[in-house]
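Per-entry structural report
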Amino acid sequence: MDILVPVLLLVVIAIICAVLLTVSSVFFAVKEDERAIAIREALPGANCGACGYSGCDSYAKALANGETDKTNLCIPGGDAVAKCVATLLGVEAEDVVEQVAYVACNGKCGRVEKKYDYQGVKTCASANLFFGGDKSCTSACLGYGDCMRACPQDAIYVEDYVARIDPRKCVGCGICVRECPNGIIRLINDTSRVVVECSNHEKGVITRKSCPNGCIGCMKCEKTCKFGAIKVIDNLATIDYSLCTGCAECVSVCPVHCIHEGNFICGAHF
Amino acid sequence: MEIKALILVLMGGVLINNYVLQQFLGICPFLGVSKKFSQASGMGIAVTFVMLCATAVTHPIYTCILEPAKLEYLQTIVFILVIAALVQFVEIVLKRFIPALYNSLGVYLPLITTNCAVLGVTINNITAGYDFITSMVSSLGVGLGFLLAMVLFAGVRSRIENCPAPKPFKGIPITLVAASIVALAFYGFAGVVENLLA
């Protein structure tokens, strides 16, 4: 019977604590901002940070508190989420400029010379430590797939030793852009039509030696473009997307075929 | 005389019997949350606050319930139970009435639920035979001591982060070495407080 008293005492204390907590949690309940919860539900919940906030929670909170009135910051969510959030806040929906990533390298299998035989750990980051990678072009896609492993959407695959991004799957979060040790993955608006698939800033002769697909800076595209949208900067053709109309004149004149046309919105391959 | 004794208890808690650096209680938050000065001070203040609340609750429970019923051996389990419930209660109340403080304490409040320094101070107060007032002062001293250790160490740590430590020492090892040196420095306080009011 001696054990009964302590057991009872403990049970009673526990019950008192439980009752106290239950009552106080009801009594002192704080009304969370319902709009923040609703907005949080509408967001994709990937916590990718593409909106510039630390996660979906903080973006939802900022919207609900009126810290920001930009309902179109969620790039992975796209127009659908922007519309949903805008209705929740009772403001007019703005179009999201959706973005896709592309790999600015076309040095496919056998096209880029190898400097040496790399036998180390099979990651771009580690291959890049040895003289900028085993490919003779220092701006080449190393093809060991660091971006592929980092992609949360499985949108990246490595084909012929060059990473390729499936625009149908890409949500434009930009993780691969940060991951690539050579910095050759770029984000563009999905309304863009033309991309330069080369990142080599070397002079034409040197580029030509290492890769027949590289931009040699011949200026043909620059002369062809009626809108002044494409310029050769530091021996590399660069498109100003605010001027580009997507007429694709430059694509046909490029002698090394490093300018490509594609449709990123409906996701046609190129 | 009374006041003098209380000041001695207070200073003893802050400097001589510093829970983190002399008795090695509450090491987990000491190493975990001392990376940034603001976080360290927030955690220190939260711990001080909870220690005071916990002592205010556990001391009467011991003297009014456990001692008359001859159930002193139950103190550990009862204290754990009560402190855990108390911290949850404080969290709810803070969230309702002082949301600014709640936000700044953030995740630290629930972390304190299982902090051994809080349990340690309540049990040590009982073991030392303090009355209620002395217990409260002792808790305040220990809490301030914890705060002091956290703040000091946050400063030390921000210096460590920027110095080129040898590779095997990087991270936790150099942090532990630094903690031991700070602890060593605190031994210098032994004997100071006794002569403080002499």
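Criteria and thresholds
Residues numbered from 1 in each chain as written. Chains lettered and ligands numbered in written order. Predicted model: local features only at pLDDT ≥ 70, side-chain atom pairs only at ≥ 80, totals over all residues. Helix = DSSP H or I, 4+ residues; strand = E, 2+ residues; numbered from the N terminus. Buried ≥ 20, exposed ≤ 12 C-beta atoms within 10 Å, placed from the backbone. Contact = placed C-beta atoms within 7 Å. Nonpolar A, V, L, I, M, F, W, Y, C, P; charged D, E, K, R; others polar. Axes fitted to C-alpha atoms, helices over the stretch in contact; angles between N-to-C directions. Parallel < 35°, antiparallel > 145°, perpendicular 65-115°, else oblique. Left-handed = near helix turned anticlockwise from the far one by under 90°. Pairing = 2+ DSSP bridges. Core = buried A, V, L, I, M, F, W, Y, C linked by C-beta atoms within 7 Å. Domains from an automatic or database assignment. Expected span 1.5 Å × (residues − 1).

1. Thoughts on the environment of Ile80(B)
Residues and elements named next belong to chain B.
- Along the polypeptide, Ile 80 turns up in helix 4 (residues 75-97).
- Of the residues examined, Ile 80 has 16 C-beta atoms within 10 Å and is grouped as partly exposed.
- Taking the C-alpha atoms as reference, Ile 80 lies 9.9 Å from Ala 54; in sequence the two are 26 residues apart.

2. Examining the interface of chain A and chain B
- Taken together, the 13 residues of chain A in the interface contact 14 residues of chain B.
- For the side of chain A that touches chain B, the class distribution of residues is 11 nonpolar, two polar and no charged.

3. Describing the packing of helix 2 (residues 34-42) of chain A against helix 4 (residues 78-89) of chain A
All names here are of chain A.
- In the contact formed by helix 2 and helix 4, the axes pass within 9 Å of each other and the chain directions differ by 170°. Taken together, the axes of helix 2 and helix 4 lie roughly antiparallel to each other. Relative to helix 4, helix 2 is oriented so that their crossing is right-handed. The residues of helix 4 that touch helix 2, namely those facing Arg 35, Ala 38, Ile 39 and Ala 42, are Val 81, Cys 84, Val 85, Leu 88 and Leu 89.

4. Re the pairing of strand 2 (residues 156-159) of chain A
All names here are of chain A.
- Of the pairings in the sheet, the one linking strand 2 to strand 3 (residues 162-165) comprises four bridges and is antiparallel in character. Residue pairing across strands places Tyr 157 opposite Arg 164, the latter belonging to strand 3.
- Between strand 2 and strand 3, which pair antiparallel one after the other, the connecting turn spans two residues, and Asp 160 there sits at a positive phi close to 55°.

5. Some thoughts on the nonpolar core
- With 65 residues, the main nonpolar core has Val103(A), Val196(A) and Ile259(A) as its most contacted residues.
- When residues of this core are assigned to domains, at least three fall in each of domain 1 (34-89) and domain 2 (99-261) of chain A.
- Once residues within four sequence positions are removed from consideration, Val103(A) is found in contact with Cys141(A), Val162(A), Ala163(A), Arg164(A), Ile165(A), Ile184(A) and Ile185(A).
- In this structure, Val20(B), Val33(B), Phe79(B) and Val121(B) belong to the second largest nonpolar core, which totals 45 residues.

6. Things to note about unusual backbone geometry
- At Phe131(A), a position not held by glycine, the phi torsion is positive, near 55°.
- Within the secondary structure, Phe131(A) is located in the loop between helix 5 (124-129) and helix 6 (146-150).
- Located in the positive-phi region is Phe24(B), a residue other than glycine, with phi close to 60°.
- Residue placement: Phe24(B) occurs in the loop between helix 1 (2-16) and helix 2 (27-32).
- A tally of 15 C-beta atoms within 10 Å means that Phe24(B) is categorised as partly exposed.

7. What to know about the environment of Asn182(A)
Residues and elements named next belong to chain A.
- Relative to the helices and strands, Asn 182 is located in the loop between helix 7 (175-179) and strand 4 (185-189).
- For Asn 182, a count of 22 C-beta atoms within 10 Å corresponds to the buried category.
- In this structure the C-alpha to C-alpha distance between Asn 182 and Cys 141, which are 41 residues apart in sequence, comes to 7.4 Å.
- Aside from chain neighbours lying at most four places away, what touches Asn 182 is Asn 128, Ser 139 and Leu 142.

8. A look at helix 7 (residues 116-127) of chain B
Residues and elements named next belong to chain B.
- End to end, helix 7 covers 16 Å across 12 residues, agreeing with the expected 16 Å (1.5 Å per residue, within 8%).
- On its buried face, helix 7 is in contact with helix 3 (37-66), helix 4, helix 6 (108-112) and helix 8 (132-161).
- Gly 129 lies just past helix 7 and shows a positive phi near 75°.

9. Remarks on the environment of Leu25(B)
All names here are of chain B.
- Here Leu 25 shows up in the loop between helix 1 and helix 2.
- Given 20 C-beta atoms within 10 Å, Leu 25 falls into the buried group.
- Apart from the residues lying within four places of it in its own chain, the contact partners of Leu 25 are Tyr 19, Val 20, Cys 116, Ala 117 and Gly 120.

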